[in-house]
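Residues per chain are reported as follows:
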Amino acid sequence: MKDSDSASGKDFDDSKIYCANCIHCKVIKTQTQNEGEYQLRVRCDAGMWKKKMGDEKYYKYFTVIRRKLDQCDAYESMGDEEEYLKDLKKKLPVNDEVFRV
C-alpha cells in the first residue's frame, strides 16, 4: 500500500493487480504431515505462480490478500476489486488453520 493510499483512506493500490480478485486464483486442500489433516492453500490455475526452480508456488490461504503484481497476462477480474477485497480481508482467518477429514 502506498503512503498516499493510507492518507486518503484507501486500502488498496489501484496501480497493482490483486491476485485474490482473479478468476484463476483457486483455493485447494493440501495434505499436512499428519494423516487425515489438511490446510487450505491458494494456487493460480493459469500457472503464473512459479518458484525459482520452476515448481508451482502455493500461498497460504490467509495471506492471499497480500499477493499483488504490477501486471499479469492471465488476469481476469471477478468484479469490483475494492469492494471484494475489503470483504475478503474481513473474512480471511489471521492464522493457518488445520482441518480434519
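It should be emphasised that the depicted structure is a prediction, and the values quoted were computed from it without experimental measurement. Throughout, residues of each chain are indexed from 1 in the direction in which the sequence is written. In view of the model being predicted, local features appear only for residues whose pLDDT reaches at least 70, and side-chain atom pairs are presented and counted only at 80 or more, with totals across whole chains, interfaces and linings using the full set of residues. Only hydrogens and water are set aside; all other atoms, that is, all heavy atoms of the structure, feed into the side-chain values.

So, about a nonpolar patch on the surface. In this analysis, a patch consists of residues with relative accessible area above 30% that form no salt bridge, clustered at 9 Å for like charges and at 5 Å for the nonpolar side chains Val, Leu, Ile, Met, Phe, Trp and Tyr. Every accessible area reported is derived by Shrake-Rupley at a probe size of 1.4 Å, with residue values counting cover from the shown protein chains alone. Salt-bridge detection follows one rule: a side-chain nitrogen of Lys or Arg within 4 Å of a carboxyl oxygen of Asp or Glu. A surface patch of nonpolar side chains, amounting to about 260 Å² of accessible area, comprises I23, M78 and Y84. Inspection of the secondary structure assignment puts M78 in the loop between β5 (68-69) and α2 (81-91). Secondary structure elements follow DSSP: runs of H or I of four or more residues count as helices, runs of E of two or more count as strands, with numbering from the N terminus.

All right, on to the pattern of salt bridges then. Side chains that carry opposite charge are capable of pairing whenever their charged atoms lie near each other. On inspection of all chains with the given rule, the structure shows six salt bridges. Residue K16 pairs with D70 through a salt bridge whose shortest N-O separation is 2.4 Å. With a gap of 54 residues between them, K16 in the loop between α1 (3-8) and β1 (17-18) and D70 in the loop between β5 and α2 connect regions that are remote in the sequence. In this structure, R100 and E37 form a salt bridge, with 2.9 Å as the shortest nitrogen-oxygen distance. Of this pair, R100 sits in strand β6 (residues 98-100) while E37 sits in strand β3 (residues 37-44), and the two are 63 residues apart along the sequence.

Attention now moves to the confidence of the model for the chain. Confidence of the prediction at every residue is given by pLDDT, a number between 0 and 100. Taken over all residues, the pLDDT of the chain has a mean of 86, while the share at 70 or more is 89%. The secondary-structure element of the chain with the lowest mean pLDDT is α1, recorded at 41, while β3 shows the highest, at 96. Across residues 1-9, confidence stays below pLDDT 50; counting only partners more than four residues off in sequence or on other chains, it has nine contacts. Note on contacts: a residue pair is in contact if any heavy atoms of the two residues lie within 4.5 Å.

In terms of burial, β3 is largely enclosed, as seven of its eight residues are buried. Any two strands are treated as partners once DSSP identifies two or more bridges connecting them. Relative to β3, strand β2 (residues 25-31) is paired through seven bridges, and the arrangement is antiparallel. Bridge pairing links K26 to R43 in β3. The hairpin formed by β2 and β3 contains five residues between the paired strands, and G36 there has a positive phi angle of roughly 85 degrees. Two strands pair when backbone bridges link them, and β3 and β6 are joined in this way by three bridges, in the antiparallel orientation. When accessible area is computed with a 1.4 Å probe and restricted to protein chains, residues below 20% of their type maximum are described as buried, those above 50% as exposed, and intermediate ones as partly exposed.

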